[in-house]
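# Tertiary structure, described
Spelled out from the first residue to the last, the chains are:
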Amino acid sequence: MRGILASELLKIRGKMVWFLVVLGPVGVILLQAVNFGLRYDYLTDQYADDLWGGLIGNVVTLALPTLLIGIAILASMAAGIEHQTNAWKQLLALPVSRSAVFAGKALLHVLLLFVSCTLMLIGTLALGFVLGFDAGAIPYGRLAELVYYPFLAALPLMVLQVWLSITMANQAVPLTVGIIGMIVGMFGSRFDDWVPYKWPHLINAAGEPLYSVACGIGLGVVLLLIGMLQFAGKDVK
Amino acid sequence: MSKWIVETNQLTKKLGGKAVVSDVNLRIKEGDIYGFLGPNGAGKTTTIRMLLGLAKPTYGHVHIFGHELARKRIEILRKVGSLVEYPSFYGHLTAYDNLEAVRRLLDVPRSRIDQVLEVVRLTKEARRAVKGYSLGMKQRLGIATALLGQPQLLVLDEPTNGLDPAGILEIRELIKRMPQEHGVTILVSSHLLSEIDQMANRVGIITKGKMIFQDETQVLRQQARSRIQLAVSEPEEAWRMLLAHGYHVDWDRQQLTAELTDDKAVATMVAALVQHEFAVYRVQEESASLEQIFLNMTGGEGSL
C-alpha cells in the first residue's frame, strides 16, 4: 500500500494537482480578506463579542462549496492520469491487488483534501492576525472542528467521485455529478437528515455535529468497500 | 508442475453473447519465443488480456508457471512483464519517472531503472517528458517497463505495430536476444506472419477466436512446399496426357502445376511433353509463401 501511494504521488507531479490543492483555500481566504477589508468596521461591529467566530463562520460558508467542487475536480484529475493514455491495463497487469489500487486512489484523494483543509485552517488564522484579532482569544477547538468535521462528513462524496471518475473513461459524467453536487450541497441545510449532501453542514435534528461526522465516516467506508469490490471484478479495457 | 510455462485449457471469452475467443489451448515452453499470429480482430489481444488477468475468462482456465492464474494472480504477475497493444505511459512524466512510478509498485532496486533504460537504449533521453517521444521510443519505453521486474515471462502484444522498418528491426533484434541474455520466455503477438517467422520458434495461429494451428515454426515452413509451374501450349491436353502417364499434376484452368519431385522426374516429365509435341515455354519452381498458407488457413481474411 505504501508503494501504491508513493507511486500515485509521483504520478500527479506536474499535473497542476498541487496547484489546485493550494488554490482552493487561498481563494477562500483572499475572498474573505476582501470581505473583511471592505466592510471591516461593519463586520467587526457585528461580531464584536466574538470576532474569531465571525471570521470562521464566514470562511466556512465559502469553504463548503469549494470543498465540494474540489472533491470532484481532484478525483477526476487523479483518475484522468490513467484514462488519458489508457494506463489502466499496464497498472493492473502489475503484481498489485485491484482493490489496493482503488483504495490507493481514494487515499490519495482524501490526503490531498486533508492538505487543502489544513491550509484553510492556517489561512484563517493568518487572516485573523492580519485583521488584528486578539491572538489570545483564538478558539482553536472550534476552528479545527469547523474545518475538519465537514471534511470527514464529506467522505462519502469523496469516495463517490473517485469511484465515478475511475469507472468512467469520460470525465464529463463525474464532473457533472460533482458540479450538481456542489449546487445541491449549497442548499444542503434544507434537506432531510439522511441526505449525504447535508452532512458537511453538520446540521441535524439532534443538534450534534458529531452525528453528521459519524454518518460520513460510516457511509464513506461502506462505499469504499463496495467500490473496491466492484473494481476488483471489472474487466479492463 | 507441468513443463509448460503458459497453458490454457478451453479458454473462452464471450462478449455480448458472441465468443470472441473460444476453446483456445495455448502451450508455451520455457525459453520459447512463441509467435501468436492472427488477423486483426481474431482474439489475440483478448486472449492476452486473459493471460494477464485483465479480463476474466467466461470459461476455461489459465495456468502460468504451473499455477492457476485466478488463484495466484499476484504471485504470477510478479514474474511476468507485459506490453499490451500500444504502450501505456504517463505523458507528463519523464521516461525515468514513468519507470519509477512502476518501480515503486514492483519494489525492485532503483538500479534496475538504469539497467532497463540501457537495454532499450533510452538512457540519453530518459530525462525528457514522454509526450515528446516518437512512437518507436514509446514502444521501447514500454518494453523497458515490461522488463523492469526481471520477468521470466514477457508478454508483448504487437510490439512492432506502427513502427518504421528500422524500428521494427530494432525491436525484433531486442526480442531475439532476450531469451539467451536474460533467460526469459516470450509471447509475442502480431498480425504479420513475416515478423513472427523471423523471430519465433513456435507459432500459434488464431482466427475468429479459434486456434487453428500450433506447432514449431519448422512445421509451418514444411507446409510451404514448392511446386513446379509449367507453361506449355494447350495446357489442358498436356494435363490429360501427363495424368495418363502417371504424373501428379494439377490444372486449375489457368496454370498447370506439378508437385515438386526430384530433378529426374522433372526431366522425364518435360521429355514426355516434348515427345507429345507440346511446346514448353517455361518450367519454373514456385514456392508457396508462408503468407499464402496463412491466408489459406485463415480463410483469406488475413490483413497482411
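Per an unreviewed UniProt entry, the recorded name for chain B is ABC-2 type transport system ATP-binding protein, and the organism is Paenibacillus phyllosphaerae. Of the comments in the UniProt record for chain B, the one headed Sequence similarities (unreviewed entry) reads "Belongs to the ABC transporter superfamily."

Chain A is annotated in an unreviewed UniProt entry as Permease of Paenibacillus phyllosphaerae.

### Overview of the overall build of chain B
A count of helical and extended segments in chain B gives 11 helices and 15 strands. In terms of C-alpha radius of gyration, chain B reaches 25 Å, well past the compact-globule figure of 19 Å for 304 residues. Counting only C-alpha atoms and orienting by the principal axes, one finds that chain B spans roughly 80 × 45 × 35 Å. Of all 304 residues assigned to chain B, the portion counted as buried reaches 53%. In chain B, the share of contacts with a sequence separation of at least 24, taken over all contacts with a separation of at least 6, comes to 68%. Accessible surface, chain B: about 14,500 Å² in total, of which carbon and sulfur atoms supply 47%. Here chain B holds 38 positive side-chain charges and 36 negative ones, and the gap between their average locations is 10 Å.

### Some details on the UniProt feature "transmembrane region" (unreviewed entry) in chain A
In the numbering used here, UniProt assigns the feature "transmembrane region" (unreviewed entry) to residues 16-35, 55-81, 102-127, 147-166, 173-191 and 211-232 of chain A. With 100% helix and 0% strand, residues 55-81 of chain A has its two end C-alpha atoms placed 37 Å apart.

### Remarks on the pattern of salt bridges
Residue and element names in this part refer to chain B. A complete count under the given rule lists 23 salt bridges over all chains for this structure. The closest approach of N and O atoms between Glu100 and Arg103, which form a salt bridge, is 2.9 Å. Highlighted residues: Glu100 and Arg103, both in helix α3 (residues 95-106), separated by 3 residues, approximately one helical turn. Here the two residues Glu100 and Arg103 agree in accessibility, since each one is buried.

### A few points about the pairing of strand β8 (residues 153-157) of chain B
Residue and element names in this part refer to chain B. Burial of β8 is extensive: 5 of the 5 residues sit out of reach of the surface. Pairing between strand β7 (residues 80-83) and β8: 4 bridges, direction parallel. Across the sheet, residue Leu83 finds its bridge partner in β8, namely Leu156. Of the strand pairs in this sheet, β8 and strand β9 (residues 185-190) are connected by 5 bridges, and their pairing is parallel. Across the sheet, the residue bridging to Leu153 is Thr185, located in β9. Once the chain exits β8 it traverses helix α6 (residues 165-182) before rejoining the sheet at β9, and the crossover so formed is right-handed.

### Regarding the side chain of Lys44 of chain B
All names here are of chain B. Residue placement: Lys44 occurs in helix α1 (residues 44-51). Look at Lys44 and you get buried, because its relative accessible area is 4%. Reaching out from Lys44, the side chain makes a polar contact with the backbone oxygen of Pro39 at a distance of 3.2 Å. At 3.4 Å, the side chain of Lys44 and the side chain of Glu158 are in polar contact. Residues contacting Lys44, with those up to four places away along its chain left out, are Phe36, Leu37, Gly38, Pro39, Glu158, Ser189, Ser190, His191 and Ile206.

### Quick look at the environment of His63 of chain B
Residue and element names in this part refer to chain B. For His63, the position within the fold is in strand β5 (residues 59-64). Sequence separation of His63 and Asn9 is 54 residues, and the distance between their C-alpha atoms is 8.3 Å. If we ignore the near neighbours within four places in the chain, the residues touching His63 are Ile5, Val6, Glu7, Asn9 and Glu68.

### Re a nonpolar patch on the surface
All names here are of chain A. Together, Val22, Val26, Leu30, Leu119 and Ile122 line one region of the surface with nonpolar side chains, adding up to about 400 Å² of accessible area. Elements with a contribution of two residues or more to the nonpolar patch: α2 (17-38) and α6 (98-130). With 3 residues, the top contributor of residues to the nonpolar patch is α2. Take Leu119: it is sitting in helix α6.

### With respect to the packing of helix α7 (residues 140-153) of chain A against helix α8 (residues 155-167) of chain A
All names here are of chain A. The geometry of α7 relative to α8 is characterised by a closest axis approach of 4 Å and an angle of 50° between their N-to-C directions. Considering the angle they form, α7 stands oblique to α8. Residues Phe151, Leu152 and Ala153 of α7 pack against Leu155, Pro156 and Met158 of α8. Of the residues that constitute the contact of α7 with α8, the class distribution is 6 nonpolar, no polar and no charged.

### So, the packing of aromatic side chains
All told, the structure shown has 8 aromatic pairs over all chains when counted by the stated rule. Look at Phe102 of chain A and Phe231 of chain A: their rings are 5.8 Å apart centre to centre, the planes differ by 40°, and that puts the pair in the tilted class. Here Phe102 of chain A is found in helix α6, whereas its partner Phe231 of chain A is found in helix α10 (residues 209-232), with 129 residues between them in sequence. Using a relative accessible area of 4% as the deciding quantity, one classes Phe231 of chain A as buried. Grouped by ring-pair contacts, the aromatic residues Phe36, Trp52, Phe129 and Phe133 of chain A constitute a single cluster. Here the guanidinium or amino end of Lys3 of chain B rests over the ring plane of Trp4 of chain B, the centre of that ring lying 4.6 Å away.

Calculation criteria
Residues numbered from 1 in each chain as written. Chains lettered and ligands numbered in written order. Predicted model: local features only at pLDDT ≥ 70, side-chain atom pairs only at ≥ 80, totals over all residues. Heavy atoms only, no water. UniProt positions renumbered as here; feature names shortened; annotations may be inferred. Helix = DSSP H or I, 4+ residues; strand = E, 2+ residues; numbered from the N terminus. Rg over C-alpha atoms; globule rule 2.2 N^0.38 Å. Buried < 20%, exposed > 50% of the residue type's maximum accessible area, 1.4 Å probe, protein only. Contact = heavy atoms within 4.5 Å. Areas by Shrake-Rupley, 256 points an atom, 1.4 Å probe, with all protein chains shown as cover. Lys, Arg positive; Asp, Glu negative; His and termini not counted. Charge placed at Lys NZ, Arg CZ, Asp CG, Glu CD. Salt bridge = Lys/Arg side-chain N within 4 Å of Asp/Glu carboxyl O. Pairing = 2+ DSSP bridges. Right-handed = clockwise from strand over helix to strand, strands pointing away. Polar contact = N/O pair within 3.5 Å; in protein donor to acceptor, adjacent residues only side chain to side chain. Patch = residues over 30% accessible without salt bridge, like charges linked within 9 Å, V, L, I, M, F, W, Y side chains within 5 Å. Axes fitted to C-alpha atoms, helices over the stretch in contact; angles between N-to-C directions. Parallel < 35°, antiparallel > 145°, perpendicular 65-115°, else oblique. Nonpolar A, V, L, I, M, F, W, Y, C, P; charged D, E, K, R; others polar. Phe/Tyr/Trp six-rings, centres within 6.5 Å; stacked < 30°, edge-to-face > 60°. Lys NZ or Arg CZ within 6 Å of the ring centre and 35° of its normal.

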